[in-house]
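Summary of structural features
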4 protein chains.
Amino acid sequence: MKNVAIIGGTGYGAIELIRLLHAHEHMQVKKIISHSEHGEQLASIYPHLTDFIDYPMEELEIESLKADIDIVFFATPAGVSKQLIPKLEDSQLQCIDLSGDLRITDRSQYESWYGGGAAPQETLDHAVYGLSEVYREKVKEAKILSNPGCYPTSSLLGLIPALEENIITSHPIIIDGKTGVSGAGKSPTAMTHFSETNDNVKPYKIAKHKHIPEIDQYLSAVASEPIAVTFAAHLIPMTRGLICTMYAQLRKDISTKEVIDLYKSFYQSDPFVRIRAEGGFPTTKDVYGSNFCDIGIQVDERTNQLIIVSAIDNLVKGASGQAIQNANLMNGWDEQHGLNSLPIYP
Amino acid sequence: MKNVAIIGGTGYGAIELIRLLHAHEHMQVKKIISHSEHGEQLASIYPHLTDFIDYPMEELEIESLKADIDIVFFATPAGVSKQLIPKLEDSQLQCIDLSGDLRITDRSQYESWYGGGAAPQETLDHAVYGLSEVYREKVKEAKILSNPGCYPTSSLLGLIPALEENIITSHPIIIDGKTGVSGAGKSPTAMTHFSETNDNVKPYKIAKHKHIPEIDQYLSAVASEPIAVTFAAHLIPMTRGLICTMYAQLRKDISTKEVIDLYKSFYQSDPFVRIRAEGGFPTTKDVYGSNFCDIGIQVDERTNQLIIVSAIDNLVKGASGQAIQNANLMNGWDEQHGLNSLPIYP
Amino acid sequence: MKNVAIIGGTGYGAIELIRLLHAHEHMQVKKIISHSEHGEQLASIYPHLTDFIDYPMEELEIESLKADIDIVFFATPAGVSKQLIPKLEDSQLQCIDLSGDLRITDRSQYESWYGGGAAPQETLDHAVYGLSEVYREKVKEAKILSNPGCYPTSSLLGLIPALEENIITSHPIIIDGKTGVSGAGKSPTAMTHFSETNDNVKPYKIAKHKHIPEIDQYLSAVASEPIAVTFAAHLIPMTRGLICTMYAQLRKDISTKEVIDLYKSFYQSDPFVRIRAEGGFPTTKDVYGSNFCDIGIQVDERTNQLIIVSAIDNLVKGASGQAIQNANLMNGWDEQHGLNSLPIYP
Amino acid sequence: MKNVAIIGGTGYGAIELIRLLHAHEHMQVKKIISHSEHGEQLASIYPHLTDFIDYPMEELEIESLKADIDIVFFATPAGVSKQLIPKLEDSQLQCIDLSGDLRITDRSQYESWYGGGAAPQETLDHAVYGLSEVYREKVKEAKILSNPGCYPTSSLLGLIPALEENIITSHPIIIDGKTGVSGAGKSPTAMTHFSETNDNVKPYKIAKHKHIPEIDQYLSAVASEPIAVTFAAHLIPMTRGLICTMYAQLRKDISTKEVIDLYKSFYQSDPFVRIRAEGGFPTTKDVYGSNFCDIGIQVDERTNQLIIVSAIDNLVKGASGQAIQNANLMNGWDEQHGLNSLPIYP
């Protein structure tokens, strides 16, 4: 049984880690670390946890982490892990970073999109990008794991097979992203205000979202040529769920059925990716609370475009669930361990 | 490993049974029976089940039930189980009825509230009412189990301690019920139409809800005097969740803190009932997807009224979860088996 | 044409006043006053107002109010109007206060429920409580108007006819209130956070809501005896709408039909109150965006209780609409002027 | 004062016409025609209309239409108006068709997308397409008016200026459409079921939506070359509102600011189109209940794509509001008459 610490204990990422780890037989949460709320009981903030966590949150102490913990999950805002992880590299700790700090390998790119200084080059070199289905073998060897963003998880899993199989051109690639409000986190803001978000669709960060360089970087790696995607994000009046609708030019005549078959064989060994049959498209509720990424495909013969729809739960496959999937791989456990519950429906 | 059949396979009760039984180690679903959809794959109706159920739904056959199955869950509309269960009583089958057919022991009461003829008196005599926390010992001996309604589960768990402890008068008892739309089932109707339900509160069946005689019957049993409650139901724009706010006259001066202590000791051996500390009140999201019933208490000194708030997930503790809790008791398994996941939040 | 100033320009009460006054032919908004945002264009905060307001918000100046304005609407948080209105009493200004500062005539009651000092007794003596249907004649003479709270508007209109007609006892009176999130205002808080409010019902301020003394005060006035109500508030996942379900003991045998007839005759001259026929109950969407208060009635013969359901739009009849209705009465205009649009449905 | 008949009286299109015409001084609703519900009071189906409509719905009678009515609005499902309007052409009636029957000028196109036979060529030749901002002069002369679909209204108003100004290429043009559930109408279906739609995004009719040939037809007319768009529709958990996010390749270097200026001058005489300033994007709530089409623009320099976001209320500018705007033009009234209320926010 490995001992786990969660840093950033009061955010949704941490709460979802706690929910999922509660069902995990090889990891137990030993420390919940919160700078702002240390000393507090988590259940005083999240009453749904009543009777489940009986110890208070702690202030961060590097040495006690190294002494008592095997795996650290960083469920922290941008800027935290890039400072802490370098201080932990000399230990045996496995670090899994749910933030964006280690996702961009080009430091100048990070700095132009995220602002502030990037993580040390050495740390970036050690970090493995944890898109489990694509980098599984590297993940198994990782000690520092950079967990993908929610939009990148959905769009990379949707686009990579088409690029790998070379059936679409590399430009233009359009990604229309739609996310539930939990993606904006727990802090109350105008963006998360019920009265302004309910019964409303809000486009935001059009062509300016931090996830764009992350998507570009990993698509370019697959295509072995520079790819720049056009990405627009939309806030949807739902709590959980994220769906990307993607549009790309087909290189040749190919039927919807043929593309579906390509995707099915590409993901045949991936238990968390489900490809819909022809005419079927996933909805976000189809994956609610689960680690699945469900994908639907349509060839638009009239316009020679490939349309790909990719749905995940932004807090599970888009964050905490994939983090646990990666922890499973890093420790040689069954990739599905603790993640095999059914989606909750309706 | 016991073999399970679910009758009424396309309704939400059945879908929730399938979700919860997927995590159960002593029961496996062998037959999903649907009169309207037999021959169909369940995943064609519920794509979130893709890869989980690989056999088609069946038409009901009494003999094959008796031959292959140990436990039958009736997730059927009113009127079905009262006809089928009598035909199964001569077998070893355990029957767990999620419908209202066996809840009302007085046949004339059933007929006046439900319409149509009541179940045979003999079947009613054999049926045990599965409010697990209150009738645990009887449930352990049951072969025919009548699973409580959603509103009765919430309101009986909220009111019984106060009546048992004799701190409230038996009249008037006011129950203001609020439910999510999933309680209205899968059939599309004006009541379940998004455009008419979203951003709306709809009072319905004011003082006329079928759950009233059920609540009266079991409160009267506890109080050893006839009790008639005043009950108003409200449809809330949410998918899951049910909360009853209850109001009753206090017999004597007693503080909120003292009532909370009474409730905590009353439910001290009940893992699924959580009593909030003074000043805290449950929300429906605090129990989302879980088998908990969370209760909050307030004494209104100005008016000498006891206010009790009781929240459940209508599809879990209010239906399928409690049914599994009862199956656990009936078979001598851990009462919490398959039901110990955390609520999903947010 | 009267000149209007709105104080508290960035709140929802002000925004709704602006929407409704846009259709008013006898009042024009000349000043929008905001302490926090003066100098800003309102449309920069509320883009839906683009092209409608072409002047910036102002800082408050008492003298320019007296010089240029005829009617001042206070859409301010508690504590503001009690300080400003005394400074305006020596002018010809009509002051309409949407806050709670002038609603409680007993200063010690105000101080125990609201905290802080109450308004000067002289100001309280001058203020008329603007429950238009009940105090119409006094409102016509008012110069200082205290606009009712949202819950009091719904519950007083629902209960007063039954008390006036002496068909219910004065104790216990139970009010179960349910409100949309817009009632919590524009400030982002945990209470207004989409992810924590969506798909959720949150009981709050059980037996402790500031609106309780207001309801008690005006029910007691009608009943000519002290009345204390039991009130529980619930936050509902909808933007607009408020509904109170009320329960009281009947003094005598009376049918639902007879009570409906009493209510219809009580409100026969009130264009904004609609009484449903027997078996019909209002939903909050039935009054969405309008100044109506829709009321449904049921006698529960089994328990001798009268159940009254009263629905309003919390931002219209519960705030800005009723304020305009009162301004119409204070100035001798048609009571419905600017308020006769249909509810928006669906 | 012109006399109006509404055919299809129980649908949302009719209800919204009734709401908007209630504020119109030159048109009065004289007949509400419903085949399924004639003889019924509309308020029995829509209680929010209580006290507003005091006559029953009627069965259709061609002769009484011709005798008593000046303007007929067809708020009917596909297939009705193509049969009725030819029978009315010999009268003085103005016919405004909210259905799709007369939108597609190529009869074979209609038949392949809609199924069933198209309207007579003569009727199609007489019908004017009522995208008011683009075809204003033709609309003023129209006697038969084909009112645009909701998605076409949003996307044509968003794309036409860019094509007119020749700043984008004609292929590929991507339209990602997102609509509220009211667009699916009043009939209860799986698509409109609250429990399956709430907290969910549902892609539907990907590359197969009936509105595609309508968009193609009018874009091609503007571009004077055949255009085929790639269109994907998504059902969003909100009641009202429709937003299209559009992506097209820029022909030349041009800044966001320059494109915004082009759009502002293109729509300078159009009171219902509002172009956001740079960095601003409309949300559906910004136009809720109003006839506005709000447009936001972003040039993605990285990918040389133009991104256009266009938001409407699907029941107002997307249906009944635009129908009234067209009736105003057809009769020489102020284009804004009866449509100048502010959006309702929040």
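Residues numbered from 1 in each chain as written. Chains lettered and ligands numbered in written order. Predicted model: local features only at pLDDT ≥ 70, side-chain atom pairs only at ≥ 80, totals over all residues. Heavy atoms only, no water.

- Chain A goes by N-acetyl-gamma-glutamyl-phosphate reductase in an unreviewed UniProt entry, where it is assigned to Virgibacillus natechei.
- Recorded in UniProt for chain A, the comment headed Sequence similarities (unreviewed entry) runs: "Belongs to the NAGSA dehydrogenase family. Type 1 subfamily." (UniProt positions renumbered as here; feature names shortened; annotations may be inferred.)

**Considerations on the domain arrangement of chain A**
Residue and element names in this part refer to chain A.
- Split by domain assignment, chain A resolves into domain 1 (2-148 + 317-330) and domain 2 (151-314).
- Here domain 1 and domain 2 have C-alpha centroids that lie 25 Å from each other.
- Contacts between the two partners involve 26 residues from domain 1 and, on the opposite side, 32 residues from domain 2.
- In total, about 2,300 Å² of surface goes out of reach between domain 1 and domain 2, with carbon and sulfur atoms giving 58% of it.
- Its largest share of buried area at the contact with domain 2, domain 1 owes to Y12, W113 and K317, together 29% of the area lost on that side. (Domains from an automatic or database assignment. Contact = heavy atoms within 4.5 Å. Buried area = accessible area lost by both parts, 1.4 Å probe.)

**Re the sheet that holds strand β12 (residues 293-300) of chain A**
Residues and elements named next belong to chain A.
- Spatial strand order, β8-β9-β7-β10-β13-β12-β11: 7 strands in an open sheet with mixed pairing. Since the sheet does not close on itself, it has two edges, and those belong to β8 (202-204) and β11 (273-275), each with one partner. When strand polarity is set aside, the average angle formed by the axes of neighbouring strands in this sheet is 20 degrees.
- Of the strand pairs in this sheet, β11 and β12 are connected by 3 bridges, and their pairing is parallel. If you follow I275 over to β12, its bridge partner there is I295.
- Along the sheet, helix α11 (residues 256-266) makes contact with β11, β12 and β13 (305-312), crossing β12 at roughly 150 degrees. (Pairing = 2+ DSSP bridges. Helix = DSSP H or I, 4+ residues; strand = E, 2+ residues; numbered from the N terminus. Axes fitted to C-alpha atoms, helices over the stretch in contact; angles between N-to-C directions.)

**Points about the pairing of strand β1 (residues 2-7) of chain D**
Residues and elements named next belong to chain D.
- The element β1 is largely enclosed, with a buried count of 5 among its 6 residues.
- Bridging between β1 and strand β2 (residues 27-33) involves 6 bridges; their strand directions are parallel. By the bridge assignment for β2, V4 is matched with V29.
- Since β1 and β2 lie parallel, the crossover through helix α1 (residues 12-21) that links them has a hand, and here it is right-handed. (Buried < 20%, exposed > 50% of the residue type's maximum accessible area, 1.4 Å probe, protein only. Right-handed = clockwise from strand over helix to strand, strands pointing away.)

**Here's the deal with the relation of the copies chain C and chain B**
- The transformation that overlays chain C on chain B combines an axial shift of 0.0 Å with a rotation of 180 degrees, and the residual RMSD is 0.0 Å. On the angle and the small slide along the axis, the relation comes out as a two-fold axis. Using C-alpha coordinates, one finds that chain C approaches the rotation axis most closely at C:P237, a distance of 3.2 Å.
- Both copies present the same face, since 100% of the interface residues in chain C are matched by interface residues at the equivalent positions in chain B. (Least-squares fit on C-alpha atoms with pLDDT ≥ 70 in both.)

**Some details on the packing of α1(D) against helix α12 (residues 316-330) of chain D**
Residues and elements named next belong to chain D.
- In contact at an axis separation of 9 Å, α1 and α12 are set at 50 degrees when each is read in the N-to-C sense. Considered as vectors, α1 and α12 are oriented oblique to each other. Considering only the axes of α1 and α12, their crossing is right-handed. Here G13, E16, L17, R19, L20 and L21 of α1 come into contact with α12, specifically with V316, S320, G321, A323 and I324.
- A per-class count over the contact of α1 with α12 returns 6 nonpolar, 3 polar and 2 charged. (Parallel < 35°, antiparallel > 145°, perpendicular 65-115°, else oblique. Left-handed = near helix turned anticlockwise from the far one by under 90°. Nonpolar A, V, L, I, M, F, W, Y, C, P; charged D, E, K, R; others polar.)

**Things to note about the sheet that holds strand β5 (residues 127-129) of chain B**
All names here are of chain B.
- Ordered in space as β2-β1-β3-β4-β6-β5, the 6 strands form an open sheet in which the pairing is parallel. Bordering the open sheet on either side are β2 (27-33) and β5, each of which pairs with just one other strand. Shown here is a sheet whose adjacent strand axes are inclined to one another by a mean of 25 degrees, direction ignored.
- Across 3 bridges, β5 lies against strand β6 (residues 144-146) in parallel orientation. Within β6, the position partnered with Y129 by the bridge is S146.
- Across the sheet, helix α12 (residues 316-330) touches β2, β3 (71-74), β4 (94-97) and β6, and the angle it forms with β4 is around 155 degrees.

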